[in-house]
Amino acid sequence: MADGYYEDEAPLQGFRLSSFRRVLAFGRPYLGVFVLVIVIALVVAGFEIGLPLVFAQVIDAADTGDAERAWLMMPIYAFLVAVLVAAIMAFINLVGGVSARVAHDIRRDSFDRLQDLEFGYFDVRPTGWLMSRLTSDCNKIARIMGWATLDLAWGSATILVVAVVLFLNDFVLASIVMGTVPLLAVAGRWFQVRLLETARLVRKTNSRVTATYNESILGVRTTKTLVQEDNNARDFEAVSARMMNESMAHALYGAAFMPTIGVICSLGVAGALWFGGDHVIAGVITIGILSMFMHFATFLQEPVKEMARQLTMIQSAQASAERITDLLETEPKIRDSEAVLERIAAYGGDEPGLACDGLPNHIRRVRFEGVTFGYKPDRPVLHDFSLAVEPGQTIALVGPTGGGKSTIVSLLCRFYEPTHGRILIDEHDVQDRSLSWYQSRLGIVLQQPHLFTGTVAENIRYGRLDASDDAVAEAAALVRADAFIDRLKDGYQTQVGSGGVLLSTGQKQLIALARAVIADPEIFVMDEATSSVDTETERLIQDAIERVLEKRIAFVIAHRLSTIRSADRILVIQNGRMTESGRHEELLGQNGHYAQLYRDHLVSWDEMQRA
Ligand SMILES: Nc1ncnc2c1ncn2[C@@H]1O[C@H](COP(=O)(O)OP(=O)(O)OP(=O)(O)O)[C@@H](O)[C@H]1O
């Protein structure tokens, strides 16, 4: 099994500038910094080339016994080095800063977009895939924007100025030395592509090795009881051997890269020496100039290698750029319509009794009107569902697994929108109301509630950010969570751990209940919210919930008889259809699916809990 982070590293594709159009826009606010980076890169290139020229002067001065000229070169050399040091420090600082800012901007926009997207978007994209967008893709693009700008500017300026200096001094020697540049470029590119591809393979297989370790450690009991050690060892041997081969291939390319570059450079040095000696003897050039040619013959590998590396990195980042563009350009399917936005803008007031969209700030009735829905529009999982509910009514949804209960509450919460039919809030289509207003009127407690890293109090307050400590304690007391919270080491200040791992499922459910209650919602949705607390606690919660629900609309997906029995209406949902509807006694009288469910499952479940 892979962790999903490296799985989608696409093979290198042909370069398309259009892939970068959207992400390049993130560099626009920092255009001034990029221009400065380019200027500094040119200065560095110029001054780096100045150094061998100074050496040439010193060698020639020594050759002709011109001590004054030799000494004169010292302050020039010191000046060049000082400027180079300052420029290198400046560009590292500038490029690091601009990369961090661009990464921040891309991350922020991607995160904002993720928050706006509807559930359907997340249904088809694994968490690992989305995490990669927010982390590695953002960083990759930002790093490349900074360093590629610098290295490409520096590299091309260096090669150009070296070429000019060499050709001005000796055409033949310059042709020999510069002739190695295309060879260096081809070799540099060839190796960089192979190194990148083999490094990716190693990372990908490494993630498999890690996952295999992880599985074998977590599943050690199951493995031993099923006597699967030999099979596991064989599987691990195969994946580990694969990683060994890929690592060796990577090491081989790495080992061959520098010697190959070295051989090409020495061709330039040898050519310069071969013809340069003659030219010195003939007085065409001095020894100092010959030494400069030899220096450049080896130095040129640096800009060529860097440029080849950056071009490969740009190419490898193309898929990241496309994925970020895809995320940023995905328009949320569920959001306020133009008409709602216009109404919100036109109203702009805060009269009591009116919501931000200028319509009533309360919910007196929810009505499903012939709602049909499919996660894929051509495959409906809910058919022609109609229902009207008023405050004070609790609807219990029961039925076989996969029947469509969660789908109904997801539609009620506007996590998805009906394929056909409407959901009405006081005679207004829910799609004509402000999405954020509507969802702020909902209190939702899921079977596996998610808690955020932080304290118990912070998690309860998440339901209403301005709630006082007293209000937090009140909400906890209402759902009977106060007893266990008081027993925790730091009470309300106890850390719950990532996702609430430091608490039991029942305790998480109680906190999630308090979090929902504190928001004072008008519609309450519970998906088997009390399935993991003990019977005594559940009875206490049940009392509390009944009080909480008194004046609210409630939808409960509950498997417990006690929860279902007290509902005002029980709906049996089978194969996406409401097949029975009524109070507990009425449904028992019908002797249909509910009566059977009651006999086969609900009674025994409750008895089991009481035992
Ligand atoms: N996110 C989704 N994407 C695609 N299909 C889904 C999705 N969620 C549910 N389904 C399908 O929709 C149908 C109804 O599922 P739903 O979760 O509403 O049933 P349920 O009655 O709540 O089941 P359970 O009691 O097991 O929770 C099932 O066939 C299920 O496979």
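Only a predicted model underlies this, so the values are computations on that prediction, with no experimental measurement involved.

### Some details on the sheet that holds strand S9 (residues 569-574)
Next, step 1: Read from one edge of the open sheet, six strands run S6-S7-S8-S3-S9-S10, paired in mixed fashion. With partners counted over all chains shown, the strands left at the sheet margins are strand S6 (442-445) and strand S10 (577-582), one partner each. Pairwise comparison of adjacent strand axes, ignoring direction, gives a mean angle of 15° for this sheet.
Next, step 2: Sheet analysis places S6 next to strand S7 (residues 523-527), joined by four bridges and oriented parallel. The residue of S7 that forms the bridge with Leu442 is Ile523.
Next, step 3: Sitting on the sheet, helix H12 (residues 405-412) touches strand S3 (394-398), S7, strand S8 (553-557) and S9, and the angle it makes with S8 is about 150°.
Next, step 4: In this fold helix H17 (residues 505-518) packs onto S6 and S7, with an angle of close to 180° to the strand it touches most, S6.

### Some words on the pairing of S9
Next, step 1: Sheet topology places S3 next to S9; four bridges connect them, and they run parallel. In the sheet register, Ala396 faces S9, and the bridge partner there is Ile570.
Next, step 2: Of the pairings in the sheet, the one linking S9 to S10 comprises five bridges and is antiparallel in character. Directly across from Leu571, in S10, lies its bridge partner Ser581.
Next, step 3: Linking two consecutive strands that pair antiparallel, namely S9 and S10, is a turn of two residues; a positive phi of about 45° is found at Asn575 within it.

### Side note on the sheet that holds strand S4 (residues 420-425)
Next, step 1: Strand order in this open sheet of four strands is S2-S1-S4-S5, and the pairing throughout is antiparallel. What marks the edges here is a single partner per strand, and that holds for strand S2 (382-389) and strand S5 (428-429).
Next, step 2: In the sheet, strand S1 (residues 366-373) pairs with S2 via five bridges, with the strands oriented antiparallel. Note on S2: the bridge partner recorded for Arg367 is Ala388.

### Thoughts on unusual backbone geometry
Next, step 1: Not every positive phi belongs to a glycine, and Glu427 is a case in point at roughly 70°.
Next, step 2: Relative to the helices and strands, Glu427 is located in the loop between S4 and S5.
Next, step 3: Positive phi outside glycine occurs at Asn591, with the angle close to 55°.
Next, step 4: Mapped onto the elements of the fold, Asn591 is located in the loop between helix H20 (584-590) and helix H21 (593-610).

### Notes on the side chain of Asp426
Next, step 1: By the element assignment, Asp426 lies in the loop between S4 and S5.
Next, step 2: Arg433 provides the closest opposite charge to the buried, salt-bridge-free Asp426, at an N-O distance of 5.7 Å.
Next, step 3: At 2.7 Å, the side chain of Asp426 forms a polar contact with the backbone nitrogen of Arg365.
Next, step 4: In contact with Asp426, not counting residues within four places along its chain, are His362, Ile363, Arg364 and Arg365.

### Digging into the confidence of the model for the protein
Next, step 1: On average, residues of the protein score 85 in pLDDT, and 92% of them are at 70 or above.
Next, step 2: Contacts for the low-pLDDT stretch residues 1-7, under 50 throughout, to residues beyond four places or in other chains number 18 contacts.

### What to know about the site of the ligand
Next, step 1: The immediate surroundings of the ligand are formed by Asp123, Tyr375, Val381, Pro400, Thr401, Gly402, Gly403, Gly404, Lys405, Ser406, Thr407 and Tyr416.
Next, step 2: Contact between the ligand and Thr401: an oxygen atom at 2.3 Å from a side-chain N or O atom of the residue.
Next, step 3: Within the backbone of Gly402, one N or O atom sits 2.8 Å away from an oxygen atom of the ligand.
Next, step 4: Taking 630 Å² as the accessible area of the ligand by itself, protein coverage stands at 60%.
Next, step 5: Per-element tally for the shell around the ligand: the top contributor is H12, with three residues.

What counts as what
- Residues numbered from 1 in each chain as written.
- Predicted model: local features only at pLDDT ≥ 70, side-chain atom pairs only at ≥ 80, totals over all residues.
- Heavy atoms only, no water.
- Pairing = 2+ DSSP bridges.
- Helix = DSSP H or I, 4+ residues; strand = E, 2+ residues; numbered from the N terminus.
- Axes fitted to C-alpha atoms, helices over the stretch in contact; angles between N-to-C directions.
- Contact = heavy atoms within 4.5 Å.
- Buried < 20%, exposed > 50% of the residue type's maximum accessible area, 1.4 Å probe, protein only.
- Lys, Arg positive; Asp, Glu negative; His and termini not counted.
- Salt bridge = Lys/Arg side-chain N within 4 Å of Asp/Glu carboxyl O.
- Polar contact = N/O pair within 3.5 Å; in protein donor to acceptor, adjacent residues only side chain to side chain.
- pLDDT = per-residue confidence, 0-100.
- Near = heavy atom within 4 Å.
- Areas by Shrake-Rupley, 256 points an atom, 1.4 Å probe, with all protein chains shown as cover.

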